[in-house]
Amino acid sequence: MSRHAALLIDADNGNVLYELEANQAWYPASLTKLMTLYMAFSALESGRLSLKDPMSVSSHAAQQPTSKLGLRAWETISVEDAILAVVTRSANDAAVVLAEKIGGSETQFAIQMTSMAHSIGMYGSHFMNATGLPNDWQTTTAHDMALLALRIVRDFPQYYPYFGVDSFYINGRYLRSTNKFVAHYPGAEGMKTGYTCGSGFNLVASANQNGKRLIGVVLGGLSSSERYQHMFSMMDNGFADSYSGYPTNNINTMSKNSVGTPPYQLPCGHRPPSHYAARHIEENNEGDDDRHLRYVRKTPISRHHAAYRSRPESTRTVTKVRIAGRTKTIVRHASGPLRVTKISRNSRMASKKTGTIKMASISGSSRKKARGTTVASKSRSLGKPSQIAQASTHGKGYYVPSSKGKNATGTSAKGKSSVKSAGGSKTSAKGKRTSKK
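## Re the sheet that holds strand β8 (residues 200–209)
Then comes step 1: Pairing is antiparallel in the open sheet, where five strands are placed in the order β2-β1-β9-β8-β7. Strands at the two margins of the open sheet, each flanked by one partner only, are β2 (16–20) and β7 (188–196). Pairwise comparison of adjacent strand axes, ignoring direction, gives a mean angle of 5° for this sheet.
Then comes step 2: Helix-sheet contacts for helix α6 (residues 142–155) involve β1 (5–10), β7, β8 and β9 (212–221), and the interaxial angle to β9 is about 145°.

## Focus: the state of the cysteines
Then comes step 1: This structure, assessed with the given rule, holds one disulfide.
Then comes step 2: Shown here is the disulfide that connects Cys197 with Cys268, its sulfur atoms set 2.0 Å apart. Of note, the bridge from Cys197 to Cys268 carries an S-S torsion of about -115° and is left-handed in sense. Residue Cys197 is found in the loop between β7 and β8, and its partner Cys268 is found in the loop between α8 (224–239) and α9 (275–284); the two are separated by 71 residues along the sequence.
Then comes step 3: A residue is classified by how much of its surface remains accessible, and Cys268, at 27% relative accessible area, is partly exposed.

## Observations concerning the packing of aromatic side chains
Then comes step 1: By the definition in use, this model includes 12 aromatic pairs.
Then comes step 2: Aromatic ring contacts, followed pair by pair, group Tyr38, Phe41, Phe156, Tyr159, Tyr160 and Phe163 into a single cluster.

## With respect to the packing of helix α4 (residues 92–103) against helix α5 (residues 106–119)
Then comes step 1: In the contact formed by α4 and α5, the axes pass within 8 Å of each other and the chain directions differ by 80°. It follows from the interaxial angle that α4 and α5 lie roughly perpendicular. Contacts between α4 and α5 involve Val96, Ala99, Glu100, Ile102 and Gly103 from the former and Glu106, Gln108, Phe109 and Gln112 from the latter.
Then comes step 2: When grouped by side-chain class, the residues that make up the contact of α4 with α5 number four nonpolar, three polar and two charged.

## So, the pattern of salt bridges
Then comes step 1: Scanning the entire structure with this criterion turns up six salt bridges.
Then comes step 2: Salt-bridge contacts for Glu21 lead to Arg3; the nearest nitrogen and oxygen are separated by 2.9 Å. Taken together, the residues span a long stretch of sequence, with Glu21 in the loop between β2 and α1 (32–46) and Arg3 in the segment before β1 at a distance of 18 residues.
Then comes step 3: On the accessibility criterion, Arg3 (41% relative accessible area) is partly exposed.
Then comes step 4: Of the charged contacts in the structure, one is a salt bridge between Arg151 and Asp155, with a shortest N-O distance of 2.8 Å. Here Asp155 and Arg151 lie together in helix α6, a separation of four residues that amounts to about one turn.
Then comes step 5: Judged by relative accessible area, Asp155 falls into the partly exposed class, the value being 27%.

## A short note on the environment of Asn210
Then comes step 1: Its place among the elements puts Asn210 in the loop between β8 and β9.
Then comes step 2: Separated by 29 residues in sequence, Asn210 and Phe239 place their C-alpha atoms 9.1 Å apart.

## Here's the deal with the side chain of Gln24
Then comes step 1: With respect to the helices, strands and loops of the structure, Gln24 is situated in the loop between β2 and α1.
Then comes step 2: Among the polar contacts made by the side chain of Gln24, one reaches the main-chain carbonyl oxygen of Thr261 at a distance of 2.9 Å.
Then comes step 3: Setting aside residues no more than four positions away along its own chain, Gln24 makes contact with Arg3, Thr140, Thr141, Val259, Gly260, Thr261, Pro262 and Pro263.

## Section: α1
Then comes step 1: In this model, α1 (15 residues) spans 22 Å end to end at C-alpha, consistent with the 21 Å of a helix rising 1.5 Å per residue.
Then comes step 2: The element α1 is extensively covered by neighbouring structure, given that 13 of its 15 residues are classed as buried.
Then comes step 3: In the segment just after α1, Gly47 is the residue with positive phi, at about 90°.

## A word on the pairing of β8
Then comes step 1: Taking burial as the measure, the 10 residues of β8 include eight buried ones, the bulk of the element.
Then comes step 2: In the sheet, β7 pairs with β8 via eight bridges, with the strands oriented antiparallel. Bridged to Gly194 within β8 is Asn202.
Then comes step 3: A loop of three residues connects β7 with β8, the two strands running antiparallel in sequence.

## Some thoughts on the side chain of Asp10
Then comes step 1: Checked against the element boundaries, Asp10 lands in strand β1.
Then comes step 2: Buried Asp10, no salt bridge; nearest opposite-charge side chain is Lys212, N-O distance 5.0 Å.
Then comes step 3: For Asp10, the side chain forms a polar contact with the main-chain nitrogen of Asp12, separated by 2.9 Å.
Then comes step 4: Residue contacts for Asp10: discarding those within four places in its chain leaves Asn15, Leu17, Lys212, Arg213 and Leu214.

## Observations concerning the packing of α1 against α4
Then comes step 1: Remark: α1 packs on α4, axes separated minimally by 10 Å, with the N-to-C direction vectors making an angle of 40°. One finds that α1 runs oblique with respect to α4. Crossing angle aside, the handedness with which α1 passes α4 is left-handed. Of the residues in α4, those touching α1 at Lys33, Thr36, Met39, Ala40 and Ala43 are Asn92, Ala95 and Ile102.

Criteria and thresholds
- Residues numbered from 1 in each chain as written.
- Predicted model: local features only at pLDDT ≥ 70, side-chain atom pairs only at ≥ 80, totals over all residues.
- Heavy atoms only, no water.
- Pairing = 2+ DSSP bridges.
- Helix = DSSP H or I, 4+ residues; strand = E, 2+ residues; numbered from the N terminus.
- Axes fitted to C-alpha atoms, helices over the stretch in contact; angles between N-to-C directions.
- Contact = heavy atoms within 4.5 Å.
- Disulfide = S-S within 2.5 Å.
- Buried < 20%, exposed > 50% of the residue type's maximum accessible area, 1.4 Å probe, protein only.
- Phe/Tyr/Trp six-rings, centres within 6.5 Å; stacked < 30°, edge-to-face > 60°.
- Parallel < 35°, antiparallel > 145°, perpendicular 65-115°, else oblique.
- Nonpolar A, V, L, I, M, F, W, Y, C, P; charged D, E, K, R; others polar.
- Salt bridge = Lys/Arg side-chain N within 4 Å of Asp/Glu carboxyl O.
- Polar contact = N/O pair within 3.5 Å; in protein donor to acceptor, adjacent residues only side chain to side chain.
- Expected span 1.5 Å × (residues − 1).
- Lys, Arg positive; Asp, Glu negative; His and termini not counted.
- Left-handed = near helix turned anticlockwise from the far one by under 90°.

This is the structure we're talking about:
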(Lines give C-alpha, C1' and ligand atoms only; values in the text may rest on other atoms or scores of the structure.)
Protein backbone atom coordinates (compact mmCIF):
# COMPACT_ATOMS: atom_id res chain seq x y z
CA MET A 1 0.00 0.00 0.00
CA SER A 2 1.09 3.55 -0.66
CA ARG A 3 1.44 6.02 2.17
CA HIS A 4 -2.03 6.75 3.49
CA ALA A 5 -3.95 7.60 6.64
CA ALA A 6 -6.60 5.29 8.06
CA LEU A 7 -8.89 4.96 11.07
CA LEU A 8 -11.54 2.45 12.10
CA ILE A 9 -13.86 3.03 15.06
CA ASP A 10 -16.80 1.35 16.74
CA ALA A 11 -19.72 3.74 16.27
CA ASP A 12 -21.47 2.50 19.40
CA ASN A 13 -18.79 3.58 21.86
CA GLY A 14 -16.17 5.44 19.84
CA ASN A 15 -13.42 2.91 20.53
CA VAL A 16 -10.58 2.95 18.03
CA LEU A 17 -10.04 -0.46 16.46
CA TYR A 18 -7.28 0.53 14.05
CA GLU A 19 -5.39 3.71 13.19
CA LEU A 20 -2.56 4.77 10.90
CA GLU A 21 -1.37 8.37 10.85
CA ALA A 22 -4.81 9.41 12.03
CA ASN A 23 -3.65 12.96 12.82
CA GLN A 24 -1.61 13.52 9.67
CA ALA A 25 -2.82 16.60 7.79
CA TRP A 26 -4.45 15.70 4.48
CA TYR A 27 -6.41 17.30 1.68
CA PRO A 28 -10.05 16.24 2.16
CA ALA A 29 -11.25 16.55 -1.48
CA SER A 30 -14.99 15.84 -1.66
CA LEU A 31 -15.07 14.54 1.91
CA THR A 32 -15.55 18.26 2.56
CA LYS A 33 -19.16 17.72 1.50
CA LEU A 34 -19.75 15.70 4.67
CA MET A 35 -19.29 18.98 6.55
CA THR A 36 -21.53 20.75 4.05
CA LEU A 37 -24.23 18.15 4.68
CA TYR A 38 -23.75 18.37 8.44
CA MET A 39 -24.43 22.11 8.17
CA ALA A 40 -27.51 21.43 6.03
CA PHE A 41 -28.85 18.86 8.51
CA SER A 42 -28.28 21.34 11.33
CA ALA A 43 -30.28 23.97 9.43
CA LEU A 44 -33.08 21.46 8.83
CA GLU A 45 -33.09 20.49 12.50
CA SER A 46 -33.36 24.12 13.62
CA GLY A 47 -36.14 24.92 11.16
CA ARG A 48 -34.10 27.34 9.03
CA LEU A 49 -34.56 25.00 6.08
CA SER A 50 -37.22 22.58 4.91
CA LEU A 51 -36.65 19.62 2.63
CA LYS A 52 -39.12 21.00 0.08
CA ASP A 53 -37.74 24.53 0.05
CA PRO A 54 -36.80 25.67 -3.48
CA MET A 55 -33.32 27.15 -3.82
CA SER A 56 -32.26 29.43 -6.64
CA VAL A 57 -29.10 28.50 -8.54
CA SER A 58 -26.62 31.37 -8.77
CA SER A 59 -24.21 31.88 -11.66
CA HIS A 60 -21.35 31.02 -9.27
CA ALA A 61 -22.97 27.68 -8.46
CA ALA A 62 -23.73 26.94 -12.11
CA GLN A 63 -20.10 27.56 -13.08
CA GLN A 64 -18.66 24.94 -10.73
CA PRO A 65 -16.49 22.31 -12.43
CA THR A 66 -17.40 18.66 -12.58
CA SER A 67 -18.62 16.58 -11.04
CA LYS A 68 -21.99 18.34 -11.07
CA LEU A 69 -25.64 18.04 -12.06
CA GLY A 70 -25.39 20.68 -14.77
CA LEU A 71 -27.70 23.16 -13.07
CA ARG A 72 -28.26 26.43 -14.92
CA ALA A 73 -28.27 29.87 -13.39
CA TRP A 74 -31.67 30.96 -12.01
CA GLU A 75 -33.03 27.42 -12.01
CA THR A 76 -34.39 26.09 -8.73
CA ILE A 77 -33.68 22.88 -6.90
CA SER A 78 -35.21 21.61 -3.68
CA VAL A 79 -33.15 21.12 -0.55
CA GLU A 80 -33.79 17.37 -0.59
CA ASP A 81 -32.73 16.99 -4.22
CA ALA A 82 -29.57 18.97 -3.52
CA ILE A 83 -28.72 16.70 -0.58
CA LEU A 84 -29.27 13.59 -2.70
CA ALA A 85 -27.17 15.03 -5.52
CA VAL A 86 -24.30 15.74 -3.12
CA VAL A 87 -24.50 12.27 -1.55
CA THR A 88 -24.82 10.19 -4.72
CA ARG A 89 -23.07 12.23 -7.40
CA SER A 90 -20.84 14.52 -5.31
CA ALA A 91 -22.37 17.41 -7.27
CA ASN A 92 -20.36 20.58 -6.78
CA ASP A 93 -23.08 22.87 -8.09
CA ALA A 94 -25.65 21.43 -5.68
CA ALA A 95 -23.22 21.79 -2.76
CA VAL A 96 -22.65 25.48 -3.57
CA VAL A 97 -26.42 26.08 -3.82
CA LEU A 98 -26.80 24.68 -0.30
CA ALA A 99 -23.87 26.75 0.92
CA GLU A 100 -25.27 30.01 -0.49
CA LYS A 101 -28.73 29.27 0.88
CA ILE A 102 -27.41 28.68 4.40
CA GLY A 103 -24.47 31.09 4.60
CA GLY A 104 -25.37 33.77 2.07
CA SER A 105 -22.19 33.11 0.10
CA GLU A 106 -19.80 30.22 -0.22
CA THR A 107 -17.04 32.19 1.48
CA GLN A 108 -19.18 32.94 4.53
CA PHE A 109 -20.41 29.37 4.56
CA ALA A 110 -16.82 28.08 4.63
CA ILE A 111 -16.14 30.26 7.67
CA GLN A 112 -19.20 28.78 9.36
CA MET A 113 -18.05 25.27 8.42
CA THR A 114 -14.68 25.78 10.08
CA SER A 115 -16.29 27.27 13.17
CA MET A 116 -18.72 24.35 13.44
CA ALA A 117 -15.92 21.83 12.89
CA HIS A 118 -13.87 23.27 15.73
CA SER A 119 -16.92 23.36 18.01
CA ILE A 120 -17.38 19.58 17.68
CA GLY A 121 -13.69 18.79 18.18
CA MET A 122 -12.36 18.78 14.60
CA TYR A 123 -9.38 20.98 15.43
CA GLY A 124 -7.26 19.61 12.59
CA SER A 125 -9.70 20.76 9.90
CA HIS A 126 -9.96 24.03 8.02
CA PHE A 127 -12.43 24.62 5.20
CA MET A 128 -12.19 27.12 2.36
CA ASN A 129 -15.15 26.05 0.20
CA ALA A 130 -18.22 23.82 0.31
CA THR A 131 -17.13 21.37 -2.38
CA GLY A 132 -13.63 20.16 -1.59
CA LEU A 133 -12.19 21.56 -4.81
CA PRO A 134 -8.42 22.05 -4.42
CA ASN A 135 -7.36 24.77 -2.01
CA ASP A 136 -3.97 24.71 -0.33
CA TRP A 137 -5.39 25.81 3.02
CA GLN A 138 -8.25 23.29 3.10
CA THR A 139 -7.05 20.38 5.24
CA THR A 140 -8.37 17.69 7.53
CA THR A 141 -7.30 14.45 9.24
CA ALA A 142 -8.60 10.89 9.41
CA HIS A 143 -9.50 11.53 13.04
CA ASP A 144 -11.64 14.54 12.12
CA MET A 145 -13.45 12.74 9.30
CA ALA A 146 -14.27 9.77 11.54
CA LEU A 147 -15.48 12.12 14.26
CA LEU A 148 -17.66 13.99 11.75
CA ALA A 149 -19.20 10.75 10.49
CA LEU A 150 -19.87 9.68 14.07
CA ARG A 151 -21.56 13.00 14.85
CA ILE A 152 -23.78 12.66 11.77
CA VAL A 153 -24.90 9.21 12.93
CA ARG A 154 -25.62 10.40 16.47
CA ASP A 155 -26.90 13.94 15.88
CA PHE A 156 -29.05 13.38 12.80
CA PRO A 157 -30.33 9.79 12.73
CA GLN A 158 -33.37 10.94 10.71
CA TYR A 159 -31.16 12.18 7.86
CA TYR A 160 -28.42 9.56 8.10
CA PRO A 161 -30.27 7.11 5.73
CA TYR A 162 -29.66 9.52 2.86
CA PHE A 163 -26.10 8.21 2.68
CA GLY A 164 -27.34 4.75 1.76
CA VAL A 165 -29.24 5.93 -1.34
CA ASP A 166 -27.99 4.10 -4.41
CA SER A 167 -29.70 6.29 -7.03
CA PHE A 168 -32.22 9.10 -7.37
CA TYR A 169 -34.44 10.63 -10.03
CA ILE A 170 -34.13 14.25 -11.14
CA ASN A 171 -34.98 16.18 -14.32
CA GLY A 172 -36.22 13.09 -16.09
CA ARG A 173 -33.23 10.87 -15.43
CA TYR A 174 -31.98 8.37 -12.87
CA LEU A 175 -28.55 9.02 -11.45
CA ARG A 176 -26.67 6.20 -9.72
CA SER A 177 -24.32 6.68 -6.81
CA THR A 178 -20.59 6.79 -7.50
CA ASN A 179 -19.86 5.16 -4.12
CA LYS A 180 -19.07 1.52 -4.88
CA PHE A 181 -18.76 0.68 -1.20
CA VAL A 182 -22.52 1.08 -0.80
CA ALA A 183 -23.21 -1.32 -3.65
CA HIS A 184 -20.62 -4.01 -2.92
CA TYR A 185 -20.01 -4.35 0.80
CA PRO A 186 -22.39 -6.44 2.98
CA GLY A 187 -24.19 -4.24 5.48
CA ALA A 188 -22.93 -1.01 3.96
CA GLU A 189 -24.83 2.08 5.08
CA GLY A 190 -23.04 4.68 2.99
CA MET A 191 -21.01 7.86 3.52
CA LYS A 192 -18.75 9.63 1.00
CA THR A 193 -15.91 9.34 -1.52
CA GLY A 194 -13.41 12.03 -2.51
CA TYR A 195 -10.65 12.53 -5.05
CA THR A 196 -8.20 15.20 -6.16
CA CYS A 197 -4.62 14.93 -7.40
CA GLY A 198 -3.39 16.30 -4.08
CA SER A 199 -5.48 14.11 -1.80
CA GLY A 200 -5.44 10.88 -3.74
CA PHE A 201 -8.51 8.66 -3.40
CA ASN A 202 -10.35 9.16 -0.10
CA LEU A 203 -13.25 7.29 1.45
CA VAL A 204 -15.40 7.54 4.58
CA ALA A 205 -17.63 4.49 5.01
CA SER A 206 -20.01 3.00 7.53
CA ALA A 207 -21.41 -0.51 7.76
CA ASN A 208 -23.59 -2.50 10.14
CA GLN A 209 -23.42 -6.25 10.64
CA ASN A 210 -25.31 -8.08 13.36
CA GLY A 211 -26.07 -4.84 15.19
CA LYS A 212 -22.44 -3.72 15.23
CA ARG A 213 -21.75 -0.49 13.34
CA LEU A 214 -18.25 0.49 12.24
CA ILE A 215 -17.01 3.72 10.69
CA GLY A 216 -13.84 3.69 8.58
CA VAL A 217 -11.70 6.37 6.95
CA VAL A 218 -9.06 5.95 4.24
CA LEU A 219 -7.13 8.97 2.94
CA GLY A 220 -4.62 8.86 0.10
CA GLY A 221 -5.22 5.79 -2.01
CA LEU A 222 -3.29 5.79 -5.27
CA SER A 223 -6.31 4.41 -7.11
CA SER A 224 -10.02 4.00 -6.56
CA SER A 225 -9.70 0.23 -6.24
CA GLU A 226 -6.92 0.61 -3.67
CA ARG A 227 -9.06 2.69 -1.31
CA TYR A 228 -11.97 0.23 -1.58
CA GLN A 229 -9.66 -2.75 -1.07
CA HIS A 230 -8.18 -1.21 2.04
CA MET A 231 -11.62 -0.27 3.41
CA PHE A 232 -13.00 -3.78 2.77
CA SER A 233 -10.01 -5.26 4.59
CA MET A 234 -10.38 -2.92 7.56
CA MET A 235 -14.10 -3.59 7.85
CA ASP A 236 -13.66 -7.37 7.58
CA ASN A 237 -11.04 -7.35 10.33
CA GLY A 238 -13.17 -5.08 12.47
CA PHE A 239 -16.27 -7.23 12.28
CA ALA A 240 -14.16 -10.38 12.84
CA ASP A 241 -12.61 -8.81 15.99
CA SER A 242 -9.16 -9.24 14.48
CA TYR A 243 -8.12 -5.97 16.11
CA SER A 244 -8.87 -7.22 19.63
CA GLY A 245 -5.19 -7.00 20.61
CA TYR A 246 -4.93 -3.40 19.44
CA PRO A 247 -4.12 -0.89 22.21
CA THR A 248 -7.28 0.49 23.78
CA ASN A 249 -8.09 4.00 22.65
CA ASN A 250 -11.14 6.16 22.09
CA ILE A 251 -11.75 8.79 19.46
CA ASN A 252 -12.75 11.30 22.13
CA THR A 253 -9.43 10.91 23.97
CA MET A 254 -7.19 10.96 20.91
CA SER A 255 -5.11 13.99 20.05
CA LYS A 256 -7.29 16.39 18.06
CA ASN A 257 -4.58 18.49 16.41
CA SER A 258 -3.15 17.81 12.97
CA VAL A 259 0.54 17.18 12.42
CA GLY A 260 2.79 17.66 9.42
CA THR A 261 1.84 19.12 6.07
CA PRO A 262 -0.51 17.46 3.57
CA PRO A 263 1.33 15.17 1.15
CA TYR A 264 0.65 15.59 -2.53
CA GLN A 265 -0.32 12.07 -3.54
CA LEU A 266 -0.63 11.82 -7.31
CA PRO A 267 1.59 13.04 -10.17
CA CYS A 268 -1.11 15.18 -11.73
CA GLY A 269 -2.71 18.58 -11.34
CA HIS A 270 -1.14 21.75 -10.03
CA ARG A 271 1.07 21.23 -7.02
CA PRO A 272 0.56 23.79 -4.25
CA PRO A 273 2.92 26.72 -3.72
CA SER A 274 5.49 26.66 -0.98
CA HIS A 275 3.42 28.51 1.60
CA TYR A 276 3.72 25.69 4.11
CA ALA A 277 7.50 25.54 3.80
CA ALA A 278 7.75 29.33 3.74
CA ARG A 279 5.65 29.55 6.87
CA HIS A 280 7.78 27.00 8.68
CA ILE A 281 10.99 28.72 7.63
CA GLU A 282 9.66 31.95 9.05
CA GLU A 283 8.26 30.42 12.23
CA ASN A 284 11.22 28.19 12.97
CA ASN A 285 13.78 30.73 11.75
CA GLU A 286 15.54 28.04 9.75
CA GLY A 287 18.34 28.85 7.35
CA ASP A 288 18.46 32.60 7.96
CA ASP A 289 18.11 35.02 10.82
CA ASP A 290 16.40 37.63 8.67
CA ARG A 291 12.62 37.22 8.90
CA HIS A 292 12.02 39.88 6.28
CA LEU A 293 13.39 37.96 3.31
CA ARG A 294 11.90 38.81 -0.05
CA TYR A 295 10.80 35.92 -2.23
CA VAL A 296 10.81 36.69 -5.95
CA ARG A 297 10.10 34.55 -8.95
CA LYS A 298 12.82 34.17 -11.53
CA THR A 299 12.05 36.29 -14.60
CA PRO A 300 13.74 35.48 -17.92
CA ILE A 301 15.68 38.16 -19.75
CA SER A 302 13.99 39.33 -22.94
CA ARG A 303 15.30 41.75 -25.53
CA HIS A 304 11.80 42.98 -26.32
CA HIS A 305 11.05 44.61 -22.96
CA ALA A 306 12.61 47.47 -21.07
CA ALA A 307 12.54 48.56 -17.47
CA TYR A 308 14.24 51.23 -15.43
CA ARG A 309 14.12 50.47 -11.74
CA SER A 310 15.99 51.93 -8.77
CA ARG A 311 17.67 49.51 -6.41
CA PRO A 312 19.30 50.37 -3.10
CA GLU A 313 22.69 48.80 -3.81
CA SER A 314 24.96 47.94 -6.70
CA THR A 315 25.40 44.41 -5.43
CA ARG A 316 22.67 42.08 -4.29
CA THR A 317 22.97 38.57 -2.90
CA VAL A 318 20.79 35.89 -4.48
CA THR A 319 20.04 32.56 -2.86
CA LYS A 320 17.95 29.96 -4.64
CA VAL A 321 15.94 27.43 -2.67
CA ARG A 322 13.86 24.52 -3.86
CA ILE A 323 10.56 24.22 -1.98
CA ALA A 324 7.62 22.00 -2.95
CA GLY A 325 8.90 21.50 -6.46
CA ARG A 326 9.44 25.19 -7.22
CA THR A 327 12.56 27.29 -7.27
CA LYS A 328 12.38 30.53 -5.27
CA THR A 329 15.00 33.24 -5.14
CA ILE A 330 15.75 35.03 -1.88
CA VAL A 331 17.08 38.51 -2.57
CA ARG A 332 18.85 40.74 -0.06
CA HIS A 333 19.79 44.35 -0.71
CA ALA A 334 22.23 46.52 1.16
CA SER A 335 22.00 50.30 1.37
CA GLY A 336 23.00 52.72 -1.40
CA PRO A 337 21.54 54.01 -4.70
CA LEU A 338 21.51 51.93 -7.85
CA ARG A 339 19.93 51.87 -11.25
CA VAL A 340 19.66 48.58 -13.04
CA THR A 341 21.07 48.04 -16.50
CA LYS A 342 21.09 45.05 -18.78
CA ILE A 343 22.02 41.65 -17.37
CA SER A 344 23.85 39.58 -19.93
CA ARG A 345 23.49 35.84 -20.29
CA ASN A 346 27.11 35.36 -19.20
CA SER A 347 26.60 37.36 -16.03
CA ARG A 348 23.48 35.45 -15.28
CA MET A 349 25.29 32.17 -15.73
CA ALA A 350 28.09 33.42 -13.51
CA SER A 351 25.60 34.47 -10.88
CA LYS A 352 24.38 30.92 -10.57
CA LYS A 353 27.86 29.88 -9.50
CA THR A 354 28.81 32.86 -7.36
CA GLY A 355 25.41 33.65 -5.88
CA THR A 356 25.76 37.40 -6.68
CA ILE A 357 24.69 39.66 -9.51
CA LYS A 358 26.50 42.96 -9.93
CA MET A 359 24.60 45.87 -11.38
CA ALA A 360 26.25 48.86 -13.10
CA SER A 361 24.69 52.28 -12.91
CA ILE A 362 23.02 53.60 -16.01
CA SER A 363 24.62 56.58 -17.69
CA GLY A 364 22.94 58.87 -20.16
CA SER A 365 24.71 57.29 -23.16
CA SER A 366 23.97 53.73 -22.11
CA ARG A 367 20.32 54.36 -21.40
CA LYS A 368 19.32 53.55 -24.96
CA LYS A 369 21.24 50.32 -24.73
CA ALA A 370 19.11 49.34 -21.81
CA ARG A 371 16.16 48.90 -24.12
CA GLY A 372 14.88 45.33 -23.97
CA THR A 373 16.06 44.84 -20.43
CA THR A 374 13.88 42.89 -18.05
CA VAL A 375 14.48 42.77 -14.35
CA ALA A 376 13.07 40.58 -11.64
CA SER A 377 9.50 41.46 -10.74
CA LYS A 378 8.81 43.66 -7.80
CA SER A 379 8.95 41.54 -4.67
CA ARG A 380 6.93 41.97 -1.56
CA SER A 381 7.86 41.40 2.05
CA LEU A 382 7.05 37.92 3.15
CA GLY A 383 3.97 38.21 5.33
CA LYS A 384 1.21 35.73 4.78
CA PRO A 385 2.14 32.88 2.44
CA SER A 386 -0.36 34.19 -0.11
CA GLN A 387 1.75 37.35 -0.32
CA ILE A 388 4.71 35.59 -1.95
CA ALA A 389 5.68 37.87 -4.81
CA GLN A 390 4.29 37.13 -8.21
CA ALA A 391 5.82 37.92 -11.57
CA SER A 392 5.33 41.47 -12.82
CA THR A 393 1.85 42.21 -14.11
CA HIS A 394 2.83 43.79 -17.43
CA GLY A 395 4.53 41.23 -19.65
CA LYS A 396 7.82 40.15 -18.13
CA GLY A 397 8.91 43.48 -16.76
CA TYR A 398 7.70 46.91 -15.74
CA TYR A 399 7.42 49.72 -18.26
CA VAL A 400 8.48 52.91 -16.51
CA PRO A 401 8.45 56.14 -18.56
CA SER A 402 11.35 58.52 -18.06
CA SER A 403 10.89 61.97 -16.58
CA LYS A 404 12.01 63.85 -19.72
CA GLY A 405 9.14 63.13 -22.05
CA LYS A 406 10.43 59.83 -23.37
CA ASN A 407 8.19 56.89 -23.88
CA ALA A 408 8.53 53.43 -22.31
CA THR A 409 11.19 52.26 -24.73
CA GLY A 410 13.38 55.31 -24.17
CA THR A 411 12.59 56.94 -27.54
CA SER A 412 11.75 60.63 -27.60
CA ALA A 413 8.02 61.29 -27.87
CA LYS A 414 8.63 63.66 -30.80
CA GLY A 415 10.97 61.29 -32.64
CA LYS A 416 8.27 59.79 -34.90
CA SER A 417 5.75 62.60 -35.12
CA SER A 418 5.08 65.05 -37.91
CA VAL A 419 3.34 68.44 -37.77
CA LYS A 420 2.02 70.97 -40.22
CA SER A 421 3.59 74.38 -40.41
CA ALA A 422 1.57 77.56 -40.37
CA GLY A 423 1.80 77.88 -44.12
CA GLY A 424 0.32 74.48 -44.70
CA SER A 425 3.54 72.73 -45.63
CA LYS A 426 4.48 69.50 -43.95
CA THR A 427 7.46 69.43 -41.62
CA SER A 428 9.07 66.17 -40.52
CA ALA A 429 10.67 65.58 -37.11
CA LYS A 430 14.11 66.08 -38.66
CA GLY A 431 13.25 69.60 -39.76
CA LYS A 432 13.11 68.96 -43.56
CA ARG A 433 10.49 71.04 -45.37
CA THR A 434 8.43 69.65 -48.21
CA SER A 435 6.28 71.54 -50.67
CA LYS A 436 2.54 71.78 -50.26
CA LYS A 437 0.59 69.64 -52.68
